[in-house]
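Fold and contact review
Chain by chain, the residues run as shown.
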Amino acid sequence: MEIVDCSVGIHILEGHAHEDTDNGHGHEDHSNCSHGGDPHYWTLPSNAIIIVRNMYESLMKRDLISSDTLTANYDHLIGRLKAYSDTMDAVLRSSKKKEFMIYHPALSYIANNYGLEQISIEQEGKSPSVAQLKTVLDLAKQKEIKHVLMQKQFDKENALLVAKQIEGEVLIVDPLEYDYFKSTSDLIYKLQKALND
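This text gives an overview of the structure that appears in the document. Keep in mind it's a predicted model, so treat the numbers as computed, not measured.

Judged by nonpolar contacts, the single largest core of 27 residues is most densely connected at Leu-92, Phe-100, Leu-107, Ile-110 and Leu-191. Among the secondary structure elements, those contributing two or more residues to this core are helix 1 (45-62), helix 2 (67-93), strand 1 (99-102), helix 3 (108-114), strand 4 (169-173) and helix 6 (180-196). Sorting elements by how many residues they give to this core places helix 6 first, with five residues. Beyond its immediate stretch of four places on either side in the chain, Leu-107 contacts Thr-43, Phe-100, Ile-102, Gln-118, Leu-149, Leu-187 and Leu-191. Leu-139, Ile-145, Val-162 and Ala-163 belong to the second largest nonpolar core, which has 17 residues in total.

We now examine the packing of aromatic side chains. In the structure shown here, the tally under the stated rule is five aromatic pairs. With a centroid separation of 5.0 Å and 55° between ring planes, the pair formed by Tyr-84 and Phe-181 is classed as tilted. Pair noted here: Tyr-84 is in helix 2 and Phe-181 is in helix 6, with a separation of 97 residues, a long-range link. You can call Phe-181 buried: its relative accessible area is 10%. With 5.8 Å between their ring centres and 55° between their planes, Tyr-103 and Phe-154 make a pair best called tilted. Of the two residues, Tyr-103 is situated in the loop between strand 1 and helix 3 and Phe-154 in the loop between strand 3 (147-151) and helix 5 (157-165); the sequence distance between them amounts to 51 residues.

Take the packing of helix 2 against helix 6 next. Between two packed helices, both the angle of their axes relative to each other and the distance between the axes serve to describe the pair. One can describe the packing of helix 2 onto helix 6 by two numbers: an axis separation of 10 Å at closest approach and a directional angle of 5°. Considering their axes alone, helix 2 and helix 6 lie roughly parallel with respect to each other. Along its contact with helix 2, which presents Leu-77, Arg-80, Leu-81, Tyr-84, Thr-87, Met-88, Val-91 and Leu-92, the element helix 6 presents Tyr-180, Phe-181, Thr-184, Ser-185, Ile-188, Leu-191, Gln-192 and Leu-195.

This part covers a nonpolar patch on the surface. Where nonpolar side chains cluster on the molecular surface, the patch consists of Leu-59, Leu-64 and Ile-65 and spans about 270 Å² of accessible area. On the accessibility criterion, Leu-64 (64% relative accessible area) is exposed.

Within the secondary structure layout, Ser-185 lies in helix 6. The partly exposed category is assigned to Ser-185, whose relative accessible area is 33%. Separated by 98 residues in sequence, Ser-185 and Thr-87 have C-alpha atoms that sit 9.0 Å apart.

What follows is about empty space enclosed by the protein. One pass over the structure, following the stated rule, counts one cavity of 30 Å³ or more. Of the pockets and cavities examined, the largest cavity occupies roughly 40 Å³. In terms of lining, the largest cavity is formed by Trp-42, Thr-43, Pro-175, Tyr-180, Ser-183, Thr-184 and Leu-187. Of the residues in the lining of the largest cavity, the class split is four nonpolar, three polar and no charged.

Put simply, helix 4 (residues 130-142) and helix 5 touch, their axes get as near as 10 Å, and they point 45° apart. With respect to each other, helix 4 and helix 5 are oriented oblique. Seen along the crossing, helix 4 lies across helix 5 with a hand that is right-handed. Contacts from Leu-133, Leu-137 and Lys-141 in helix 4 reach Asn-158, Leu-161, Val-162 and Gln-165 in helix 5.

Relative to the 26 Å expected for 18 residues at 1.5 Å per residue, helix 1 spans 26 Å between its end C-alpha atoms, a close match to the ideal helical length. Along helix 1, the residues that are buried comprise Pro-45, Asn-47, Ala-48, Ile-49, Ile-50, Ile-51, Val-52, Asn-54, Tyr-56 and Ser-58. As for helix 1, its buried residues are in contact with helix 2, helix 3 and helix 6.

Parameters and conventions
Residues numbered from 1 in each chain as written. Predicted model: local features only at pLDDT ≥ 70, side-chain atom pairs only at ≥ 80, totals over all residues. Heavy atoms only, no water. Core = buried A, V, L, I, M, F, W, Y, C linked by side-chain atoms within 4.5 Å. Buried < 20%, exposed > 50% of the residue type's maximum accessible area, 1.4 Å probe, protein only. Helix = DSSP H or I, 4+ residues; strand = E, 2+ residues; numbered from the N terminus. Contact = heavy atoms within 4.5 Å. Phe/Tyr/Trp six-rings, centres within 6.5 Å; stacked < 30°, edge-to-face > 60°. Axes fitted to C-alpha atoms, helices over the stretch in contact; angles between N-to-C directions. Parallel < 35°, antiparallel > 145°, perpendicular 65-115°, else oblique. Patch = residues over 30% accessible without salt bridge, like charges linked within 9 Å, V, L, I, M, F, W, Y side chains within 5 Å. Areas by Shrake-Rupley, 256 points an atom, 1.4 Å probe, with all protein chains shown as cover. Salt bridge = Lys/Arg side-chain N within 4 Å of Asp/Glu carboxyl O. 1 Å grid on protein atoms, 1.4 Å probe; cavity = no way out; pocket = protein on both sides within 12 Å on 5 of 7 lines; lining within 4 Å. Points joined across faces, edges and corners; volume = space filled by probe spheres on them. Nonpolar A, V, L, I, M, F, W, Y, C, P; charged D, E, K, R; others polar. Left-handed = near helix turned anticlockwise from the far one by under 90°. Expected span 1.5 Å × (residues − 1).

This is the structure:
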């Protein structure tokens, strides 16, 4: 069985997110994620286009499906992804704020692409200490952040605590949703709210 690395051609970011003031992103490149790095690259629609292209090229070599059918489906999917990428461009490039807060740092690729700062409550995969929580709260107040993005798969306790302290609200997102377009639409809407309220 051949394994196809769908991340080929994607600049893999090092680490996860906001550890200090480096905008939450490292910039070491990897040829693929097996060498480490942030695995959430699919959240950025322009990266999803690369993933789909890698799948398409691999399937075309195998002659498993009619090439006409495969190409028609590929063109349709790429068209939809480009439309979502354009929508994300329009929304995030015109946002008032450049910082957003999230519990788990799953949006590094979006932040990196649009010059945003992703501030993570979770630190290196662990719940924050009291000191780390205070630092996050101080930063949220300084940056006038009023929303905390939260993946539905995580415990809401710390996100709710931060939201209460900043008199804000938790916005639930789901980058693991089966329907990529539903997930991306919701993510664009929630980011727009977080960056403009």
